[in-house]
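Breakdown of the fold
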Amino acid sequence: SLCLSAYGRTLLTVSKNRSTCVQVWYTTTWKEQRRFEGHTMTVSSVEFLPGERYIVSGGGDGRIILWDRQTGREVTRVENLGHLANSVLPVLDGDHLVSFGGWYDDDAPNPMENDHAIRLWQLPEYVRATEPQIPEQDDIELERTLPPLGGKIDAIDVSADGKLLLAADNAGNLRLWETAGFDPMGTWRVHDSVRDAQFTSDAKRIVTCGRSGEPRA
């Protein structure tokens, strides 16, 4: 997983030699600025939050961790999520995170591990403040669980303007929500199985890729 900052000056990567570690690089010198260690299994997703002071990561250990890029410290985390944090995305309102995950083993013992739902998280108040003041305790809180589409989620994306959320699953379903209220706009069957889906930069189209490798828009 990797993520480039808005102006292309900073790159987030998962360490090749230690997949539980997130590395921060200056793209002008390609020198490592700092690294974040707090996951016990492979980091599967890493993203900047709006404003790029904070970084969020999700991993196979069922943790979502929020990091302060300036101080290098772990700010807060979600523990014992119950399933893989396959993807964690910030919503551009600056208030929320969206995550999904799930084991692909149908015999997984914990029911939460296979619900393949999308979860909406409320960020701590200090992260949303103009001038963050970190209190002693303030957590990422689960605000809402969006119902599964019918299959195992393989992709989520937030439009560049932050107004739309999409999810696609391995049963070929694609669903859209408005991020203001997270009301569903509709569900469409677009492939036999969707492997990836993303908004175009203007959010007027969605590009999908199915199991056969055929792209559609």
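First, a word on what this report is: a plain description of the structure on this page. Small disclaimer: the values here were computed from a predicted structure and weren't measured.

So, on to the overall build of the protein chain. Assigned secondary structure in the protein chain consists of one helix and 19 strands. Out of the 217 residues belonging to the protein chain, those deemed buried represent 51%. A sequence separation of at least 24 residues applies to 37% of the contacts in the protein chain between residues at least 6 apart. Accessible surface for the protein chain amounts to roughly 11100 Å². Of this, 45% is attributable to carbon and sulfur atoms.

Quick look at the nonpolar core now. Formed by 15 residues in total, the largest nonpolar core has its most connected members in Val-98, Ile-118, Ile-153, Ile-156, Leu-165, Ala-167 and Trp-177. For this core, the elements supplying multiple residues, two or more each, are β10 (96–100), β11 (118–122), β13 (153–158) and β14 (164–169). Apart from residues no more than four positions distant in its own chain, Ile-118 is found in contact with Val-98, Ser-99, Phe-100, Arg-144, Thr-145, Leu-146, Ile-153, Ile-156, Ala-167 and Trp-177. Listed in part, the 14 residues of the second largest apolar core include Val-56, Val-75, Val-88 and Trp-121.

As for its placement among the helices and strands, His-96 is situated in strand β10. Looking at His-96, its side chain comes within polar contact range of the side chain of Glu-143, at 3.1 Å. Not counting residues up to four positions away in its chain, the partners in contact with His-96 are Leu-89, Pro-90, Val-91, Leu-120, Trp-121, Gln-122, Leu-123 and Glu-143.

Here we come to the pairing of strand β6 (residues 54–59). Taken across its six residues, β6 has six buried, putting it largely inside the fold. On β6, burial covers both faces: Tyr-54, Val-56 and Gly-58 on one face and Ile-55, Ser-57 and Gly-59 on the other are all buried. Relative to β6, strand β5 (residues 43–48) runs antiparallel, the two being bridged by five bridges. Pairing of Val-43 across the sheet is with Gly-59, part of β6. Bridging between β6 and strand β7 (residues 64–68) involves five bridges; their strand directions are antiparallel. Directly across from Ile-55, in β7, lies its bridge partner Trp-67. If you look at the hairpin formed by β6 and β7, you'll find four residues sitting between the two strands, and Gly-62 has a positive phi there, around 75 degrees.

As a further point, take the sheet that holds β11. With antiparallel pairing, the four strands of this open sheet are ordered in space as β9-β10-β11-β12. Edge positions in the open sheet fall to β9 (87–90) and β12 (141–146), since each of these has one partner strand only. Neighbour-to-neighbour, the strand axes of this sheet turn through a mean angle of 25 degrees, independent of strand direction. Bridge analysis of β11 against β12 gives five bridges, and the strand direction is antiparallel. Among the inter-strand pairings, Trp-121 is bridged to a residue of β12, identified as Leu-142.

Remember that side chains alternate between the two faces of the sheet whenever the strand is regular. Most of β13 is tucked away, with five of its six residues classed as buried. Direction of pairing for β13 relative to β14: antiparallel, over a ladder of five bridges. Directly across from Ala-155, in β14, lies its bridge partner Ala-168. In sequence, β13 turns back onto β14 through a hairpin of five residues, with Gly-162 there showing a positive phi of about 75 degrees.

Counting across every chain of the model gives one aromatic pair. With a centroid separation of 5.0 Å and 40 degrees between ring planes, the pair formed by Phe-36 and Trp-67 is classed as tilted. Residue Phe-36 is located in strand β4 (residues 31–37), and its partner Trp-67 is located in strand β7; the two are separated by 31 residues in the primary sequence.

Reading the values: the criteria
Numbering of residues starts from 1 in each chain and follows the order in which that chain's sequence is written. For this predicted model, a pLDDT threshold of at least 70 governs which residues receive local features, and a threshold of 80 or more governs which side-chain atom pairs are given and counted, while totals over whole chains, interfaces and linings are taken from all residues. Only hydrogens and water are set aside; all other atoms, that is, all heavy atoms of the structure, feed into the side-chain values. For the purposes of this entry, the term helix denotes a DSSP run of H or I that reaches at least four residues, the term strand denotes a run of E that reaches at least two, and both are numbered from the N terminus. The cut-offs for exposure are 20% and 50% of the maximum accessible area for each residue type, with area from a 1.4 Å probe on protein chains only; residues under the lower value are buried, those over the upper are exposed, and the others partly exposed. Any two residues whose heavy atoms approach within 4.5 Å are treated as being in contact. For every accessible area listed, the method is Shrake-Rupley and the probe measures 1.4 Å; residues are considered covered only by the protein chains on display. Definition used in this section: a nonpolar core is a set of buried Ala, Val, Leu, Ile, Met, Phe, Trp, Tyr and Cys residues joined via side-chain atoms within 4.5 Å. Counted as a polar contact is a pair of N or O atoms within 3.5 Å, where, for protein atoms, one must be capable of donating a hydrogen and the other of accepting one, and residues adjacent in sequence contribute only when both atoms are in side chains. Two strands make a pair as long as DSSP finds a minimum of two bridges between them. Here an axis means a line fitted to C-alpha atoms, over the contact stretch when the element is a helix, while the angle between two N-to-C directions is reported on a 0 to 180 degree scale. Planes of paired rings set the category: under 30 degrees apart is stacked, over 60 is edge-to-face and the rest tilted, where pairs are Phe, Tyr or Trp rings (Trp by its six-membered ring) whose centres lie within 6.5 Å.

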